[in-house]
Amino acid sequence: MLGPWLLKAPERMERFTTVSGVPVERLYTPADLTDFDYARDLGDPGEFPFTRGIHRTMYRGKLWTMRQFSGFGSPEDTNRRLHFLLAQGQTGLSIAFDLPTLMGYDSDHPLAEGEVGKCGVAVSSLEDMETLLAGVPLERVTTSMTINSPAAMIWAMYLVAAEKSGADWKKISGTLQNDILKEYIAQKEYIFPPQPSLRLVVDSIVFSAREVPRWNPISISGYHIREAGSTAAQELAFTLGDGIEYVEAVRAAGLAVDEFAPRLSFFFNAHNDLFEEVAKYRAARKVWARVMRERFQAANPLSWRCRFHAQTAGCSLTAQQPVNNVARTAIQALAAVLGGTQSLHTNSLDEAWALPTERAARLALRTQQVIAHESGVTEFADPLGGSYFVERLTLEMERACWSYFEKIDALGGMVAAIEQGYPQREIHEAAYAYQKAVERKEKIIVGVNEFVSSEAHPIEILTIDEAVARRQREKLAEMKKKRDSAQVERTLEALSSAAATDQNLMPFLIECVRAYATLGEMCDVLRRVFGTYQEPAFR
Amino acid sequence: MTEKRIRVLVAKPGLDGHDRGAKVVARALRDAGMEVIYTGLRQTPEQIAAAALQEDVDAVGISILSGAHNTIVPRICELLRAQGQADVTVIVGGIIPDEDIPALKKAGVAEVFQPGSSTEQIINFIRGHVARRA
């Protein structure tokens, strides 16, 4: 029927695919949704399986939290940026740490050379944490911290700083990323081997459930998996697969699923392919609800909800014609909102080059504010629900996810799969296939492989002075002179002994922090007890 | 007659673990017929230079995204020269601002591949440069 038409007006390509390479048909109709059941597959917003959103009123009740990730230079520098963002109407904080901190090294460690304050803020001790948070009302502002291998140590610093500022642990709230499994899979910021790392995660989840009940002790993250080059379905499946592993580990430590599951949170990427992303978020909620209710027999409806943060895709930003990134970020942010995110970070236009300048960071926040207050997409829940295409894509995403779960279970669970290099290989294959598609121009990137322009597009770039490193080293030396070194040794010794048993390490870390033991000192103790991890060679 | 295969060390110095670029380039060079040795993550300049010597490579490709390139890259070049490998082609890939490129080239870097570079450009550059050198 279409034959003569196609002869007259041929289509642009033989084969159309999503950004993840999934084939897309010309048209979707009721025939694509034959075995579709509203109550089973969707349900109303706020109802199992939450495909249409976790709240009944969605953004009519409360907009998402606009949470711009920020951190650079010294704790003083970042403290000023945090106050700036709050003054611009940002509704939650999100802190980025520098690489030495992420890897558990103090600013004065030889491996920290050249890296202090570059990719985030340098925090080596309680003193730095107190400077970082100075003047921030911790009982009112929620703080998210992107930290993984040393998450327990950094959280201990935050808790002691909060306590010293007079904030009550029962009232403060925020999120630790604390997702070590995706580090082995994608971002590779690991220190210890998987099992002791998992134990630190479990200790912080258990401690949180008992002592800091409003805290989200983990943000199970697909963001980095996607940035490493995965497809949308891989991002979904490996993230929820990690979630399953954490739930099993915390249950094995003695907590009932409903005691901690309501505080589990997730973090997804918001990439370019708008409908594929919306399908991914909808499938995430649906699959997680089933996993929690059926696999883990969670009885509390709060345990079934997949609450998530989203961040626009850093890997989609181009260094060429950087102003174009504003358009990309707006589309990606819209996808996250149409997909029902609980909080959102929008990247800045200059981030293919460096950390954002203040101006660029404000424009990124304004992009969210325009979507929230001008576009009208917030006035009703799940606007794309019922679209033949989006519903079909959501079903396919869900199927792909269950099928990955079967493979992961067959390999012996996520830790075993990681040790066998399975998710790493899948992601690398996808990344390589995408690169090839770009080089063959099957996928167009505006300003990179098409619409290239030779004119320069100068933008202002934030540079971090090496003086930051020098000042951090000096401050650290001063602090070490002032503290009670016998107390530091006692608390580190106690940490070392406890690490060799199966006691919860959080109280021991908190004592170390109170004595002003540094991040590097605490991590060194655990490096000696746990050993360090090297990834298997890349063939 | 067998043509000698180009040997390339792909190195990932610094604390950063984002290895998507390094691995994609390593794979592309391999697919283009080169012998590729990938160092793995978090190698010091000393470890990278030692590997370059031990593997007797024609080129070293350094992947760095963290902003630490001005500290790390010149040191690798210096170590290569000190061990008699001044003729090894050093290329850098990653987030390198335009204004840092002249100093890196002065330090001994043959070419810098910024974000958006294709693997084909990298392959062609290595082939051209190593062949001229031989």
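Further up the page is the structure itself.
Peer 1: Sorry, what's going on with the overall build of chain A here?
Peer 2: Counting secondary structure elements, chain A contains 22 helices and 9 strands. Expressed along its principal axes, the backbone C-alpha trace of chain A runs to roughly 85 × 60 × 50 Å. When each of the 539 residues of chain A is scored for burial, the buried share is 52%. The contacts of chain A with a sequence gap of at least 6 include a subset with a gap of at least 24, amounting to 77%.

Peer 1: When you look at the overall build of chain B in this model, what are you seeing that I'm missing?
Peer 2: Across its full length, chain B carries 5 helices and 5 strands. If you list the helices and strands of chain B from N to C, you get β-α-β-α-β-α-β-α-β-α. Taking the principal axes of the C-alpha coordinates as reference, chain B spans close to 45 × 30 × 25 Å. In chain B, which comprises 134 residues, the proportion classed as buried is 51%.

Peer 1: Any chance you could explain the packing of helix α20 (residues 485–499) of chain A against helix α22 (residues 519–530) of chain A here in plain terms?
Peer 2: Packed helix pairs are characterised by how far apart their axes lie and by the angle those axes make with each other. Residues and elements named next belong to chain A. Following both chains from N to C, one finds α20 and α22 inclined at 30°, their axes separated by 9 Å at the closest point. Here α22 runs roughly parallel to α20, going by the angle between their axes. As for the relative orientation of α20 and α22, their crossing is right-handed in sense. On α22, the residues touching L492, L495, S496 and A499 of α20 are E521, M522, V525, L526, V529 and F530. Taken together, the residues of the contact of α20 with α22 break down into 8 nonpolar, 1 polar and 1 charged.

Peer 1: I keep staring at the interface of chain B and chain A and nothing clicks. Help me out?
Peer 2: Size of an interface: often given as the accessible area lost when the parts come together. Listed by partner, the interface residues are 27 residues for chain B and 31 residues for chain A. Elements supplying a minimum of two residues to the side of chain B that touches chain A: α1 (20–31), α3 (69–82) and α5 (119–133) of chain B. Residues of the side of chain B that touches chain A, tallied by class, amount to 10 nonpolar, 11 polar and 6 charged.

Peer 1: I tried to follow the nonpolar core on my own but got confused; where do I start?
Peer 2: Judged by nonpolar contacts, the single largest core of 194 residues is most densely connected at A:A156, A:M157, A:A284, A:C401, A:L509, A:M522 and B:V8. Not counting the four nearest positions on each side in its chain, B:V8 is found in contact with B:L29, B:M34, B:V36, B:V57, B:D58, B:A59, B:G61 and B:I126.

Peer 1: Looking at this model, I keep getting lost on helix α19 (residues 467–482) of chain A. Mind explaining?
Peer 2: Structural remark: α-helix, 3.6 residues per turn; residues separated by three or four positions point the same way. All names here are of chain A. Helix length check: α19 (16 residues) gives 23 Å between terminal C-alpha atoms against 22 Å at 1.5 Å per residue, within 8%. All buried positions along α19 are accounted for by V468, A469, Q472 and K475. Looking straight down α19, one finds its buried side chains confined to an arc of 130°; they lie on one side. Those residues of α19 that are exposed and aimed more than 90 degrees away from the buried face are A467, R470, E474, A477, E478 and K481.

Peer 1: I keep staring at the sheet that holds strand β6 (residues 218–221) of chain A and nothing clicks. Help me out?
Peer 2: Sheets are built from strands that pair by backbone hydrogen bonding, the pairs being arranged parallel or antiparallel. Overall, parallel pairing links the 5 strands, which are arranged β1-β9-β8-β7-β6 (chain A) in an open sheet. Since the sheet does not close on itself, it has two edges, and those belong to β1 (65–66) and β6 of chain A, each with one partner.

Peer 1: I would appreciate a short explanation of the pairing of strand β3 (residues 93–96) of chain A in the present structure.
Peer 2: The two faces of the sheet receive side chains in turn, since in a regular strand these alternate between them. All names here are of chain A. Pairing geometry for strand β2 (residues 69–70) and β3, over 2 bridges, is parallel. Within β3, the residue paired with F69 across the bridge is S94. Crossover β2 to β3 through helix α3 (residues 75–87) is right-handed. As defined by bridge partners, β3 adjoins strand β4 (residues 143–146) across 4 bridges and the pair is classed as parallel. Considered in β4, the bridge of I95 is made with M145.

Peer 1: Just to check I follow, could you spell out the packing of helix α6 (residues 151–164) of chain A against helix α21 (residues 506–514) of chain A for this structure?
Peer 2: Residues and elements named next belong to chain A. For the pair α6 and α21, the least separation of the axes is 9 Å and the interaxial angle reads 60°. In terms of their interaxial angle, α6 and α21 are classed as oblique. Crossing hand, α6 versus α21: right-handed. Facing A152, M153, A156, M157, L159 and V160 of α6, the residues of α21 in contact are M506, L509, I510, V513 and R514. Residue classes in the contact of α6 with α21 are distributed as 10 nonpolar, no polar and 1 charged.

Peer 1: Could you clarify how one ought to interpret α6(A) in this entry?
Peer 2: Residue and element names in this part refer to chain A. The terminal C-alpha atoms of α6, which comprises 14 residues, lie 20 Å apart, in line with the 20 Å expected from a rise of 1.5 Å per residue. For α6, the buried fraction is high: 12 of the 14 residues fall into the buried class. On its buried face, α6 sits against α5 (126–132), β4, β5 (174–176), α8 (194–211), α21 and α22.

Peer 1: Help me understand the sheet that holds strand β5 (residues 111–113) of chain B, please; the structure alone is not making it clear to me.
Peer 2: Residue and element names in this part refer to chain B. The strand order across the open sheet built from 5 strands is β2-β1-β3-β4-β5, with neighbouring strands paired in parallel fashion. One side of each edge strand has no neighbouring strand; the edge strands of this open sheet are β2 (35–38) and β5. Ignoring which end each strand starts from, the neighbouring axes of this sheet average 20° apart. Sheet topology note: the strand β3 (residues 59–64)/strand β4 (residues 89–94) ladder contains 6 bridges and is parallel. By the bridge assignment, S63 is partnered in β4 with G93. Sheet contacts for α1: β1 (7–11), β2, β3 and β4; angle to β2, the most-contacted strand, approximately 160°.

Peer 1: Can you walk me through the environment of A:K443 in this structure?
Peer 2: All names here are of chain A. Relative to the helices and strands, K443 resides in the loop between α18 (422–439) and α19. When the 17 C-beta atoms within 10 Å are taken as the criterion, K443 is described as partly exposed. For the pair K443 and V291, spaced 152 residues apart in sequence, the C-alpha to C-alpha distance is 35 Å. Beyond its immediate stretch of four places on either side in the chain, K443 contacts A437 and V438.

How each quantity is defined
Residues numbered from 1 in each chain as written. Chains lettered and ligands numbered in written order. Predicted model: local features only at pLDDT ≥ 70, side-chain atom pairs only at ≥ 80, totals over all residues. Helix = DSSP H or I, 4+ residues; strand = E, 2+ residues; numbered from the N terminus. Buried ≥ 20, exposed ≤ 12 C-beta atoms within 10 Å, placed from the backbone. Contact = placed C-beta atoms within 7 Å. Axes fitted to C-alpha atoms, helices over the stretch in contact; angles between N-to-C directions. Parallel < 35°, antiparallel > 145°, perpendicular 65-115°, else oblique. Left-handed = near helix turned anticlockwise from the far one by under 90°. Nonpolar A, V, L, I, M, F, W, Y, C, P; charged D, E, K, R; others polar. Core = buried A, V, L, I, M, F, W, Y, C linked by C-beta atoms within 7 Å. Expected span 1.5 Å × (residues − 1). Arc of directions from axis to C-beta. Pairing = 2+ DSSP bridges. Right-handed = clockwise from strand over helix to strand, strands pointing away.

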